[in-house]
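Fold and geometry: a report
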Amino acid sequence: MLTLALWLLGHATGHPVGLAASAATAALFTAIGETGDWARRRWKARRNPPEKRDASTGP
């Protein structure tokens, strides 16, 4: 879906690029977004660790 959107955006702005270039850019954007999401989740987990429960007292 992102590939198609980028390809159409290129044509709409008068800077058409090939479908392969649009797919590569979409893959790059996706990788950056996923990496950012991973980093955000990791940062949040490090700042707010789950509370440690004592096994003898139960949940």
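Report on the accompanying structure. What you see is a predicted model, and the numbers here were worked out from it, not measured in a lab.

1. Details of the pattern of salt bridges
- Across all of its chains, the model carries two salt bridges by this definition.
- For R40, the salt bridge goes to D37, with nearest N and O atoms at 2.6 Å. With R40 and D37 both in helix α2 (residues 19-47) and three residues apart, the pair spans about one turn of that helix.
- On the basis of relative accessible area, R40 is assigned to the partly exposed category, the value being 47%.
- A relative accessible area of 28% means that D37 is categorised as partly exposed.
- D37 serves as the salt-bridge partner of R41, at 3.2 Å between the closest nitrogen and oxygen. Taken as a pair, R41 and D37 lie in helix α2 at a separation of four residues, close to a single helical turn.
- Look at R41 and you get partly exposed, because its relative accessible area is 43%.

Conventions we followed
- Residues numbered from 1 in each chain as written.
- Predicted model: local features only at pLDDT ≥ 70, side-chain atom pairs only at ≥ 80, totals over all residues.
- Heavy atoms only, no water.
- Salt bridge = Lys/Arg side-chain N within 4 Å of Asp/Glu carboxyl O.
- Helix = DSSP H or I, 4+ residues; strand = E, 2+ residues; numbered from the N terminus.
- Buried < 20%, exposed > 50% of the residue type's maximum accessible area, 1.4 Å probe, protein only.

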